[in-house]
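Spelled out from the first residue to the last, the chains are:
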Amino acid sequence: MRLLLTLLALLSLGAGKPIEWTKSVSRTPAGSYVIGNPAAKVRLVEFMSYTCPHCGHFAAEGTPALMRDYVARGLVAFEIRNAVRDPLDLAAAIATRCGPAKSFPGNHEAVFAAQAGLFRKAADFNPTPTAKDPVAGMKALSQTTGLTTLMARRGVAPAVLNACFASRAAQTPIIAMTNDAWNTRKISGTPAFFINGNAIDANTWEGIEPRLRDALKLKPKGA
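Quick look at the structure, then. Just so you know, these numbers come straight off a predicted model, no measurement behind them. (Residues numbered from 1 in each chain as written. Predicted model: local features only at pLDDT ≥ 70, side-chain atom pairs only at ≥ 80, totals over all residues. Heavy atoms only, no water.)

As a further point, take the overall build of the chain. In terms of helices and strands, the chain carries 11 helices and six strands. Expressed as lengths along the three principal axes of its C-alpha atoms, the size of the chain is roughly 75 × 45 × 30 Å. Counting all 223 residues of the chain, 46% fall into the buried class. Long-range pairs, those at least 24 residues apart, make up 72% of the contacts in the chain between residues at least 6 apart in sequence. Of the roughly 12,000 Å² of accessible surface on the chain, 58% is carried by carbon and sulfur atoms. Distance from the positive charge centre (26 side chains) to the negative charge centre (15 side chains) of the chain: 7 Å. (Helix = DSSP H or I, 4+ residues; strand = E, 2+ residues; numbered from the N terminus. Buried < 20%, exposed > 50% of the residue type's maximum accessible area, 1.4 Å probe, protein only. Contact = heavy atoms within 4.5 Å. Areas by Shrake-Rupley, 256 points an atom, 1.4 Å probe, with all protein chains shown as cover. Lys, Arg positive; Asp, Glu negative; His and termini not counted. Charge placed at Lys NZ, Arg CZ, Asp CG, Glu CD.)

Laid out in structure tokens, this is it:
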């Protein structure tokens, strides 16, 4: 009987341990990444670009509150999709996804944190020598901007990163998401947000949060 009670107590302790939803990362069949409870009542989808200053602003100002107040509690699943705008954006998109799913959020955050520096160094890039070889162009652009060094600090060796640049399997989902964003959904710019499949007319945290609370049937903040 004592053994049974001990086992029940241990099971009870395990059942009461909260799930760290912000560390739950999964990849969808379309190739996007979902952070949080995949069965959450509300899914917030962001179509973003790594060369979009507004996306960088949301990553810095909106994402921490989203993660803390909604994703961590299992209320919202945050899905990140690419809407590529230029060669540097494509290189960054491939780089952030180069590795296991669990590494994506940190890679994503690191690239946005370095956005201004990547921009500055990209101004020195000469695309002419690699104009006929897009993969070689990505490799050279990544080296020039410091993206290769950044990813090496994130644990992605240059040779591994270059293999990702050359991989058709790595390129295909990003191109498909980009086509979906610009040509099928016809988003007007980045970042663009959808709640449970419906486009919303807001792209800042101040505009998004009230819509999330409405979808969750929560009272407005301050009410």
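Right, picking up where we left off after that structure.
A word on the state of the cysteines. Going through the model one piece at a time under the given rule, you end up with one disulfide. Here Cys-98 is linked by a disulfide to Cys-164, with a sulfur-sulfur distance of 2.1 Å. Because the torsion about its S-S bond is 75 degrees, the bridge between Cys-98 and Cys-164 counts as right-handed. You can see Cys-98 sitting in the loop between α4 (87–96) and α5 (104–113) and its partner Cys-164 sitting in helix α9 (residues 158–166), a full 66 residues away along the chain. For the pair formed by Cys-98 and Cys-164, the shared burial category is buried. (Disulfide = S-S within 2.5 Å.)

Another point: the pattern of salt bridges. By the definition in use, this model includes nine salt bridges. A salt bridge links Glu-79 to Arg-81; the nearest nitrogen and oxygen atoms lie 2.8 Å apart. Judged on exposure class, the residue Glu-79 and its partner Arg-81 are both buried. Put simply, Arg-43, Glu-79, Arg-81, Asp-180 and Arg-185 are held in one network by salt bridges that share partners. (Salt bridge = Lys/Arg side-chain N within 4 Å of Asp/Glu carboxyl O.)

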